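Residues per chain are reported as follows:
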Amino acid sequence: MPDGSDFEIDLFFHINNRFYWIESKTGSYRDCIEKYSWLASEMGLGPDQVFLVLADVDQETRSRIYSSYNLSAISVEEVESLLYRIVRR
C-alpha cells in the first residue's frame with residue numbers, strides 16, 4: 001500500500017484491455033470494505049470491475065454496497081457466469 005502497510009488481493013487480472021478485481025470473503029467483510037472501496041478508487045476501478053464475493057448476499061446488501069462503496073457484491077454461485085461475461089466482452 002502507499003502507506004507501506006501490507007495488502008493482498010484474491011484475484012486481479014487484465015482482459016480485453018480492462019483490469020478486474022475479485023475479492024472473496026467467507027466471514028465478515030465490513031471491517032475491510034472501506035479499504036477495498038478506497039483502493040478501487042485509487043486504481044481507477046469502477047463497480048463493473050470490482051466484485052466482492054459473499055457467501056450470503058441479499059438484494060438490500062448488494063444495493064447498499066454498490067451505492068455506499070462503489071463495489072459490486074455477488075454470490076458464490078454468480079462467479080462462474082461473471083467470468084464468462086467478462087471474457088465474452
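In this text, all values refer to a predicted model and were calculated from it rather than measured experimentally.

**A closer look at the pattern of salt bridges**
Applying the stated criterion across every chain yields a total of two salt bridges. Where R18 meets D48, a salt bridge forms, and the shortest distance between an N and an O atom there is 3.0 Å. Of this pair, R18 sits in strand 2 (residues 18–25) while D48 is found in the loop between helix 1 (33–42) and strand 3 (50–54), placing the two residues 30 residues apart along the sequence. Its relative accessible area of 34% is what places D48 among the partly exposed residues. Across the pair R62 and E78 runs a salt bridge whose closest N-O atoms are separated by 2.8 Å. Taken together, the residues span a long stretch of sequence, with R62 in helix 2 (residues 59–69) and E78 in the loop between strand 4 (72–75) and helix 3 (79–88) at a distance of 16 residues.

**Some remarks on the side chain of S75**
As for its placement among the helices and strands, S75 is situated in strand 4. According to the relative accessible area criterion, S75 is buried, its value standing at 9%.

**Quick word on the sheet that holds strand 1 (residues 11–15)**
Judged by pairing direction, the sheet is mixed, and its four strands sit side by side in the order 1-2-3-4 without closing on themselves. The open sheet has two edge strands with one neighbour each: strand 1 and strand 4. When the angles between neighbouring strand axes are averaged without regard to direction, this sheet yields 25 degrees. As defined by bridge partners, strand 2 adjoins strand 3 across five bridges and the pair is classed as parallel. Bridge pairing links K25 to L54 in strand 3. In the packing of helix 1 onto the sheet, contacts are made with strand 2 and strand 3, and the angle to strand 2 comes to roughly 175 degrees.

What counts, and where the lines are drawn
Starting from 1, residues in each chain are numbered consecutively following that chain's sequence as written. Predicted model: local features are reported for residues with pLDDT of at least 70 only, side-chain atom pairs are reported and counted for 80 or more only, and whole-chain, interface and lining totals are derived from all residues. Working from all heavy atoms in the structure, the side-chain values ignore hydrogens and water. For this document, the term salt bridge refers to a Lys or Arg side-chain nitrogen within 4 Å of an Asp or Glu carboxyl oxygen. Strands are runs of DSSP state E lasting at least two residues, helices are runs of H or I lasting at least four, and both sets are numbered from the N terminus onward. Any residue under 20% of the maximum accessible area for its type is buried, any over 50% is exposed, and the rest in between are partly exposed; the area is computed with a 1.4 Å probe on protein chains only. Think of it this way: DSSP has to see at least two bridges between two strands before they count as a pair. All axes are obtained by fitting lines to C-alpha atoms, using only the stretch in contact for helices, and the reported angles, taken between N-to-C directions, cover 0 to 180 degrees. It only takes one pair of heavy atoms within 4.5 Å for two residues to be counted as in contact.

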